[in-house]
Amino acid sequence: MPGSRDKILSEVFSGICNKMNRCKPLSSDDVMATPLRRCLNTFDITLLGIGHMVGAGIYVLVGTVAKDQAGPGIIVSFLIAGLTSMLAALCYAEFGTRIPKAGSAYVYTYVSVGEFWAFVIGWNLILEHMIGAASVARAWSGYIDSMLGNVVSHTIMDTVGGLHEGLLGQYPDFLAFAFCLAYACVLGTGVKFSSWINSGLTLVNLIVITFVVVLGFYYADFDNWTKYGFLPYGYSGVIAGAATCFYAFVGFDSIATSGEEAKNPQFSIPVATILSLSLVCLGYVLVSGVLTLVVPYSEIEPTSALSSAFGSLHLPWAQVFIGVGALCGMTTTLLGSLFALPRCMYAMAQDGLLFSCFTRVNKATQVPLLNLAVSGILTAVIALLFDLEKLVEFMSIGTLLAYTIVSASVITLRYRPEILPLLSRENSSLSDLADSAPFANDYTQGRAGLLKTSGYLYRFLDPMLCESPPGVAVSTFVFIYCMFSALLCTHLRINGDPTMGANVVATVFMSSAMIASLVVIAAHEQNMTGLKMFRVPLVPWLPGLSVFCNVALMTHLNLLTWLRFIVWMALGLLVYFLYGMHHSKENITAGSSYSVLLSPSESNKPKWGSIQTPTKQDPDTESEKNLQ
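Residues numbered from 1 in each chain as written. Predicted model: local features only at pLDDT ≥ 70, side-chain atom pairs only at ≥ 80, totals over all residues. Heavy atoms only, no water.

**Examining the overall build of the protein**
The helix and strand tally for the protein stands at 28 helices and zero strands. When each of the 628 residues of the protein is scored for burial, the buried share is 54%. Within the protein, residue pairs in contact and separated by at least 24 positions form 85% of the contacts whose partners lie at least 6 positions apart. (Helix = DSSP H or I, 4+ residues; strand = E, 2+ residues; numbered from the N terminus. Buried < 20%, exposed > 50% of the residue type's maximum accessible area, 1.4 Å probe, protein only. Contact = heavy atoms within 4.5 Å.)

In structure tokens form, the structure reads like this:
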């Protein structure tokens, strides 16, 4: 009996592990097929990304970080956050070229790493966009309230009373609640109409930002940097500010989410991603520099930083102009978050990991209206009750985790031998893809994911890795690299100076392990199929640097933020293990049964009332047949 029990438990846990690690196969037909409307061009998608990123971050977050965390060093904070975001953005751009599907990081992880981690990312994307929209609505309301002399907040406090919990705001923000619901209704009219609104408001916002930069440098006082210090909170304040400033750049993943509604996703996704992030990073650096030059950092008003700064110069007309830009910018950020959130839910529901009701798309508007309604209501409730600063901190951790896994997934997929579809209008079959893909011969010769056959490194590694299937060694060392990155960043965060005593040994050991992992990965052949338009340069080094930077920023978030994240993840794990794992389309396709106690002959017999599902073909064998 104990032996049978152990055998059953072993089989059950083995089956669970296999389900958690199964990857989603994609064919060339699957990638381009969608019930959504393909109507967005590169200009639309670029403005969608810019509009999503330039909102509350530039009008509210700049003031909060400059006053409380970094001082004038906020310029360096934005540069660090921007460069780290660019590393992740390059990875998103490569995946957007390969797999232009709604769901962005969720789909990328499902294809390259496995179902469990895909659900974790998708669950956190829902959190990211929900809190992103709520925080922007809260900032929008606070900005209006500040411009009206705090009339709104005082009226609510006098009528309803305040909220006294630490995580909640000072008062229930009914204006932010109404704002979320109103723009959810706008998005429900259709993607093209909402993109016109987004593009118009974004252009107005860019004009205002240009005006702020020019006028700000005219009134700049460099004594505000020299007299009060450029880094009043030290380097730790700059890094902590960079972790918070990450909030300002999270919108670029909405570009990847629009993949199913782009006319030419293979071109538009990478171009829009890189262009929008570069322009936004430049804008944040210039605006934060202007703000700290116009007024001392200690006198900045966090809720309406730019407007108050130019008000101190007795320029009321400039305040009005900036106020218009702020409202336009925050509106486009909210539109971006509410645009991405229902599509992420749609992608997860399409795969069976969320409830099937979220797969419905309205035939008239070609928008998942139920998802949008649920998103709008939940976002409105969060905006009604919670504090802006706590929301921003909570959102950053899920975003950084998504960036980390996407960056690691780029490395994993680059060394995997399976061919992913090359997206083009001319090529629709796998044989066409193989012929037209750059470096396709490497795959047909069976070299992708295997060690390169020349050099000293090959002679050293070949005896150890010769029995490893293609791509498995790379996946293993990607995992090792991520683990040592987390250990090193935690070590540096806890122990401070890495050059003191025993810290040196630990730092050198962990750094050496990380470098060695990347060297081993780089010694393998890459699969360049489907990357004719765009691919991340210097793989695995740039994605590896992206992983390290994201993990480093995650370790600078406070403990309470991590505890809230754990609670959110615990809720997500209940959804996955109780619903998603069993209703996954991969589970239905592959079929699974645990028949340990049956003899081989009995286990193969169909049971009365059972449904026989076809077994999945090995993807390598299927690809080889198609290539022939």
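**Some details on the side chain of S517**
Within the fold, S517 resides in helix α23 (residues 502-522). Every residue in contact with S517, bar those within four places of it in the chain, is listed here: F477, I480 and Y481.

**Regarding the environment of S308**
Looking at the element boundaries, S308 is found in helix α15 (residues 305-311). Residue class for S308 comes out partly exposed when judged on its relative accessible area of 29%. Residues S308 and Q319, 11 residues apart in the sequence, show an inter-C-alpha distance of 7.4 Å.

**Remarks on the state of the cysteines**
Evaluation of the coordinates by the stated rule reveals zero disulfides. Looking at C489, it has no disulfide partner, and the nearest cysteine sulfur is the one in C549, 8.5 Å off. Residue class for C489 comes out buried when judged on its relative accessible area of 4%. (Disulfide = S-S within 2.5 Å.)

**Side note on the packing of aromatic side chains**
What the rule picks out here adds up to 25 aromatic pairs. Consider the rings of F116 and W117, whose centres lie 5.7 Å apart with planes at 70°: the pair is edge-to-face. A relative accessible area of 14% means that F116 is categorised as buried. Plain terms: the ring middles of F484 and F509 are 5.8 Å apart, the flat faces sit at 75° to each other, and that makes the pair edge-to-face. Note that F484 is positioned in helix α22 (residues 472-495) and F509 in helix α23, a separation of 25 residues in sequence. By way of ring pairs, the aromatic residues F116, W117, F119, W123, W568, Y576 and F577 are connected into one cluster. (Phe/Tyr/Trp six-rings, centres within 6.5 Å; stacked < 30°, edge-to-face > 60°.)

**Considering the packing of helix α9 (residues 174-187) against helix α16 (residues 316-350)**
Their axes nearest at 10 Å, the elements α9 and α16 cross at an angle of 65°. In the crossing of α9 with α16, the sense of the turn from one axis to the other is right-handed. Taking contact as the criterion, the partners of F179, C180, Y183, A184 and L187 in α9 are, on α16, T331, L334, L335, L338 and F339. The class makeup of the residues in the contact of α9 with α16 is nine nonpolar, one polar and no charged. (Axes fitted to C-alpha atoms, helices over the stretch in contact; angles between N-to-C directions. Left-handed = near helix turned anticlockwise from the far one by under 90°. Nonpolar A, V, L, I, M, F, W, Y, C, P; charged D, E, K, R; others polar.)

**Concerning the side chain of T84**
One can find T84 in helix α5 (residues 74-98). Classification of T84 as buried rests on a relative accessible area of 4%. Aside from chain neighbours lying at most four places away, what touches T84 is F246, S546, C549, N550 and L553.

**As for the pattern of salt bridges**
In the structure shown here, the tally under the stated rule is four salt bridges. Between D351 and K24 there is a salt bridge, and its shortest N-O distance comes to 2.7 Å. Here K24 lies in the loop between α1 (2-21) and α2 (28-32) and D351 lies in the loop between α16 and α17 (369-385), a separation of 327 residues in the sequence. One exposure class covers both D351 and K24, and it is buried. For R138, the salt bridge is made with D173, and the minimal N-O distance between the two is 3.8 Å. Placement of R138 in helix α7 (residues 115-147) and of D173 in the loop between α8 (151-159) and α9 is noted, with a sequence separation of 35 residues between them. Owing to a relative accessible area of 1%, D173 belongs among the buried residues under this scheme. (Salt bridge = Lys/Arg side-chain N within 4 Å of Asp/Glu carboxyl O.)

**Points about unusual backbone geometry**
A cis amide bond links V539 to the next residue, P540, at an omega of 10°. Its place among the elements puts P540 in the loop between α23 and α24 (541-555). Positive phi outside glycine occurs at Q366, with the angle close to 55°. Residue position: Q366 is located in the loop between α16 and α17.

**Side note on α22**
For α22, with 24 residues, the first-to-last C-alpha span of 35 Å sits near the 34 Å given by 1.5 Å per residue. Those residues of α22 that fall on the buried side of the exposure criterion are A473, V474, V478, Y481, C482, F484, S485, L488, C489 and H491. (Expected span 1.5 Å × (residues − 1).)

**Some remarks on the nonpolar core**
Formed by 162 residues in total, the largest nonpolar core has its most connected members in Y59, F78, Y92, Y106, I126, F249 and L354. Counting residues per element, this core draws most heavily on α7, at 19 residues. Setting aside residues no more than four positions away along its own chain, I126 makes contact with L341, C344, M345, M348 and L354. (Core = buried A, V, L, I, M, F, W, Y, C linked by side-chain atoms within 4.5 Å.)

**A short note on the environment of V250**
Among the secondary structure elements, V250 is positioned in the loop between α12 (234-245) and α13 (253-257). C-alpha separation for the pair V250 and H129, spaced 121 residues apart in sequence, amounts to 9.0 Å.

**Describing α9**
Every α-helix carries 3.6 residues per turn, so stepping three or four residues along brings you back to the same face. Helix length check: α9 (14 residues) gives 20 Å between terminal C-alpha atoms against 20 Å at 1.5 Å per residue, within 8%. The set of residues buried in α9 consists of A176, F179, C180, Y183, A184 and L187. Along the axis of α9, the buried residues cluster in a sector spanning 130°; they form a single face. Looking at the buried residues of α9, the elements they touch are α7, α10 (191-218), α16 and α17. (Arc of directions from axis to C-beta.)

**Focus on a nonpolar patch on the surface**
On the surface, F267, V271, L275, L279 and M533 cluster together into a nonpolar patch covering about 420 Å² of accessible area. Within the fold, M533 resides in the loop between α23 and α24. A relative accessible area of 44% places M533 in the partly exposed class. (Patch = residues over 30% accessible without salt bridge, like charges linked within 9 Å, V, L, I, M, F, W, Y side chains within 5 Å. Areas by Shrake-Rupley, 256 points an atom, 1.4 Å probe, with all protein chains shown as cover.)

**Comments concerning the environment of I255**
Its place among the elements puts I255 in helix α13. Here I255 falls in the buried class, since its relative accessible area comes to 0%. Residues I255 and I269, spaced 14 residues apart in sequence, show a C-alpha to C-alpha distance of 6.5 Å.

**With respect to the packing of helix α3 (residues 42-53) against α16**
Here α3 crosses α16 at 110°, and the two axes come no closer than 6 Å. Accordingly, the angle class assigned to the pair α3 and α16 is roughly perpendicular. α16 is crossed by α3, and the crossing has left-handed handedness. Two secondary-structure elements touch here, α3 through L48, G51, H52 and M53 and α16 through G329, T332, T333, G336, S337 and F339. Looking at the contact of α3 with α16 residue by residue, the class counts come to three nonpolar, seven polar and no charged. (Parallel < 35°, antiparallel > 145°, perpendicular 65-115°, else oblique.)

Nothing here speaks to function; it is geometry throughout.
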